[in-house]
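# Architecture and fold: a report
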Amino acid sequence: MSLLLNFLVLVCCFSSLHGAEKKNQLDWWQTEVIYQIYPRSFKDGNADGTGDLKGIIQKLPYLKKLGVGCLWLSPVLKSPMADFGYDVSNFREIDPIFGTMDDFDRFLHKAHAMGFKVIMDYVPNHTSDEHEWFTKSVQRIPPYTDYYVWKDAKYIRGKRHPPNNWISRFGKSAWEWNEERGQYYLHQFTVKQPDINYRNPVVFEEMKNNIIFWLSKGIDGLRVDSVNFLVEDERLLDEPLSNDPFALSDEYEYLNHIYTLDQPGGVKIVKEWRKIFDKYSTKEHPKVMLTEAYSNAKHMASYYGSDAEPGAQLPFNFLLITHVNRESNAYDFRDTILSWYTNSPPGSWANWVIGNHDNPRPATRFGHFLVDGLHMLQMLLPGTAVVYYGDELGMEDALIRWDETKDPKAINAGKLRYHLASRDGCRTPMQWDDTINAGFTTVLKPWLPVNPGYFKVNIKNELLWHPYGNITHLNIFRDLVKLRRNIVFQRGDMDIYVLSEWVLALVRSYPDHATFVVVVNLGSEITISNLIDFRPSLPEYMSVAVPSVNSNHKHGEIISTRQVLLRPKASVVLTTSEEEVENSIVHNK
C-alpha cells in the first residue's frame, strides 16, 4: 500500500472517531469564539495610560460586531502587579488599576445583556507574597502555617543551600530563603509568587471557595492558570539536566522538569474542581473550565479527564504555538493537528490557540501574509477557537527596548538576554485607530509603547480601506467567525491532506450540506494544486467563500478544483454551495 493510501486510511479513521463528539445539542463553549482580552492593553477608560474595565465596556460594541461570543479577561484581581496580576493578593477583590467591583458588575451585566459569555482568569498555583495567607504563614499562625510549600535548608560544609536544584520558570533558583520563618519557600514563578501547598486540605477548600465566589457572581467559567505546576514530587529530588546546549545554568531550560511538571496530582485537583462547575451549571447555562498547561499533546489532553471523572471541558491546545513555526511544512502542520485528536479521549471537544499573552503574535512568528491561513485553520478545524486581542488585525510584536521592559521574566534574564524571554512585545496596546497612541489612551505615555506601525494597522483602517481592496485581515476574521456557525463546521467530519510539501488542505463535510475546502500555501513559491487527485468526489469547480488578503482571489469567484493557484503564504476557503455561504456570512459589512 502506498504512503498516500496509508495516510488516507488514517484520515478516514479520524473522521469516524470525530463522530463521537456529536450530540443533540452543543453547549455555548463549543459554538462560540472565545476572545482573550489583556485588560492592561485593551482600552484605557480613565486616561491613566493603563487599560481598565471602563475601557472594555466602551468597546463592547466593537466585540459584538466582530462576532465573538465569549470574553475572557486576563487577571483583574487585587495584586501588587509583580507579574501583572498573576500574583494575586486577594482572590475576591478587583485591583484599583482596573476599577472597582461595581465596575466589574457593570461590565458583567452589560456583556450578558449583549449576549456575551464571560470567563475570568483563576491563578491557583501561587499567591502574591503580599497575600494575607503568606504573611501569616511566615509567622506560623494557624491554620496558615502550611498553606505554602516550606522546606528546611540543606547545609553543605556549614553553608546554607536550597533543598534541591529546581529552577524557577522565570530563571534562577525556585527556592527563596525567608529569614523570619527560617525556611525556604517554593516559587515556580517570580520570587513574589510563593507556591500554594495543595497537600493541605484546608488550602484546597480555600481555593475551592474562591471558585464558588465567582461562579455565584454569575460568570460563565474560569480559565485556570498553570495547572501542570500545582503539585510537585514530595521526594524533592534534583531534576536532571536537559542537555540544552543553549541554556545557561540558571535558566529554566537548563533542567528536565520531571518532578515539578505534569504530576498526576494536578489532574486529580482539576477533576475535583470540575464537580464545582457542574454543581453551578444548568442545562441552559453550563459553566466551563479551561486549563492552561504547556506540555506535549498527551499531557495537555490528560486534563480532559474521563467520562467517569471529567476534568476541564477545554484543556488549552497550544500545539500550533509550540510545535510549528515559519520553517514548518504541510506535513508538520498535518501531524501537529492530528496529534491533538489522537491523544485526546473519545468524545472530547478540541480547541485551537494560535496566540496569547505569553508568546509572540502569529504575524510575528509566521509573517504577516500567513495570518489569514492560520485563522482559517483555527476557525474551521473541529473544535473551539480561542483568539487573542489584536490578532484579528494581524498585529505584530513591538520591539521593546531594555529601558522600556516591564516583563519580570525578561528583567530576570538580564540585559544581554532579555529579548529572548520578554513577553512585552505581544502585550502592547490595542491599535484602534491612527490618532495618538492608536486610540488606546489620551495620555502621552501608555504603560507599554504602542507598536509604531499603528498608523497603518488599526481597526479603523481595516474597516474602511486596505491596499489590497476591501479584503482585510479584520474582515476575513469576521467572515470566518460567521462561517463557523454553519452546521458543517460545528458537527461535520474533517479530512486533512498534504497536497504537496508546502500546501495543506482541510475538507469539512456534513450529509446533505455543502462541502468546504481550506487550502493553505505555507511556502515561498506560487503553487498549483489538483484537489481532485486527493478528493475525487469534489466537483470540477468550486466557489471562493473566503480569500486571504494576498490570494488574488475574490469572493464568489469560480475556481477549477484541478488548478487551485495560490501565491506564497496565500490561502482560500472554497465551497460547493455559494447559497450556503450567503446564508452563513455577510461579507465586509
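The following paragraphs examine the structure supplied in this document.

What counts as what
- Residues numbered from 1 in each chain as written.
- Predicted model: local features only at pLDDT ≥ 70, side-chain atom pairs only at ≥ 80, totals over all residues.
- Heavy atoms only, no water.
- 1 Å grid on protein atoms, 1.4 Å probe; cavity = no way out; pocket = protein on both sides within 12 Å on 5 of 7 lines; lining within 4 Å.
- Points joined across faces, edges and corners; volume = space filled by probe spheres on them.
- Helix = DSSP H or I, 4+ residues; strand = E, 2+ residues; numbered from the N terminus.
- Nonpolar A, V, L, I, M, F, W, Y, C, P; charged D, E, K, R; others polar.
- Salt bridge = Lys/Arg side-chain N within 4 Å of Asp/Glu carboxyl O.
- Buried < 20%, exposed > 50% of the residue type's maximum accessible area, 1.4 Å probe, protein only.
- Expected span 1.5 Å × (residues − 1).
- Polar contact = N/O pair within 3.5 Å; in protein donor to acceptor, adjacent residues only side chain to side chain.
- Axes fitted to C-alpha atoms, helices over the stretch in contact; angles between N-to-C directions.
- Parallel < 35°, antiparallel > 145°, perpendicular 65-115°, else oblique.
- Contact = heavy atoms within 4.5 Å.
- Pairing = 2+ DSSP bridges.
- Core = buried A, V, L, I, M, F, W, Y, C linked by side-chain atoms within 4.5 Å.
- Phe/Tyr/Trp six-rings, centres within 6.5 Å; stacked < 30°, edge-to-face > 60°.
- Lys NZ or Arg CZ within 6 Å of the ring centre and 35° of its normal.

## Considering empty space enclosed by the protein
Here the structure, examined in full by the defined rule, presents three cavities of 30 Å³ or more. Taken as a whole, the largest cavity spans an internal volume of roughly 50 Å³. Counting only elements with at least two residues in the lining of the largest cavity, the list comes to helix 2 (28–31) and helix 19 (487–491). Looking at the lining of the largest cavity residue by residue, the classes come out as four nonpolar, four polar and one charged. Considered as a void within the structure, the second largest cavity measures approximately 40 Å³ in volume.

## Some points on the pattern of salt bridges
For the structure on display, the rule yields 28 salt bridges. The salt bridge involving arginine 417 is made with glutamate 251; its shortest N-O contact spans 2.8 Å. Of this pair, arginine 417 sits in the loop between helix 15 (408–413) and helix 16 (418–421) while glutamate 251 sits in the loop between strand 11 (221–224) and helix 9 (264–279); the two residues are 166 residues apart in sequence, bridging distant segments of the chain. Judged by its relative accessible area of 22%, arginine 417 is partly exposed. Among the charged side chains, a salt-bridge network with shared partners connects Asp83, Asp358, Asp407, Arg423 and Arg427.

## Focus: helix 12 (residues 330–343)
When the terminal C-alpha atoms of helix 12 are compared, their 20 Å separation across 14 residues agrees well with the 20 Å that a helix rising 1.5 Å per residue should span. Every buried residue of helix 12 is accounted for by Ala330, Phe333, Arg334, Thr336, Ile337, Leu338, Trp340 and Tyr341. One side-chain oxygen of the residue at the start of helix 12 lies 3.0 Å from the amide nitrogen of tyrosine 331, identifying that residue as asparagine 329.

## Comments concerning the packing of helix 6 (residues 101–113) against helix 8 (residues 201–217)
Here helix 6 crosses helix 8 at 55 degrees, and the two axes come no closer than 12 Å. What the angle tells us is that helix 6 and helix 8 run oblique. Contacts between helix 6 and helix 8 involve Met101, Phe104, Asp105 and Leu108 from the former and Phe213, Trp214 and Lys217 from the latter.

## A short note on the sheet that holds strand 13 (residues 314–315)
Overall, parallel pairing links the eight strands, which are arranged 13-12-11-5-2-1-15-14 in an open sheet. Both edges of this open sheet fall to strand 13 and strand 14 (351–353), since each of them pairs with a single strand only. Bridge count between strand 5 (residues 117–122) and strand 11: four bridges; the pairing is parallel. Bridging across to strand 11, aspartate 121 finds its partner in arginine 223. Against the sheet, helix 14 (residues 371–380) makes contact with strand 14 and strand 15 (384–388), and its axis sits at roughly 140 degrees relative to strand 15, the strand it touches most.

## Considerations on the nonpolar core
Of all hydrophobic cores here, the largest spans 143 residues; its most connected members are Tyr35, Leu63, Phe104, Phe107, Trp273 and Val573. Ignoring any residue separated from it by four or fewer positions in sequence, one finds valine 573 in contact with Met376, Leu380, Leu480, Leu483, Phe516, Val517, Val518, Ser543, Val544, Ala545 and Val546. In this structure, Tyr497, Ala505, Leu538 and Leu566 belong to the second largest nonpolar core, which totals 19 residues.

## Remarks on the packing of aromatic side chains
Think of a pair of aromatic rings as described by two things: how far the centres are apart, and how the planes are tilted against each other in angle. Using the criterion set out here, one finds 34 aromatic pairs in the structure. Ring plane angle 55 degrees and centroid distance 5.6 Å describe the contact between tyrosine 341 and tryptophan 352, whose orientation is recorded as tilted. Taken as a pair, tyrosine 341 in helix 12 and tryptophan 352 in strand 14 lie far apart in primary sequence, eleven residues in all. Among the residues examined, tyrosine 341 registers a relative accessible area of 10% and is labelled buried. Lying over the aromatic face of tryptophan 432, lysine 59 brings its terminal NZ or CZ to 4.3 Å of the ring centre. Positioned above the aromatic ring of tyrosine 389 is the side chain of arginine 361, whose terminal nitrogen or guanidinium carbon lies 4.7 Å from the ring centre.

It is worth stressing that arrangement in space is one thing and function is another; only the former is reported here.
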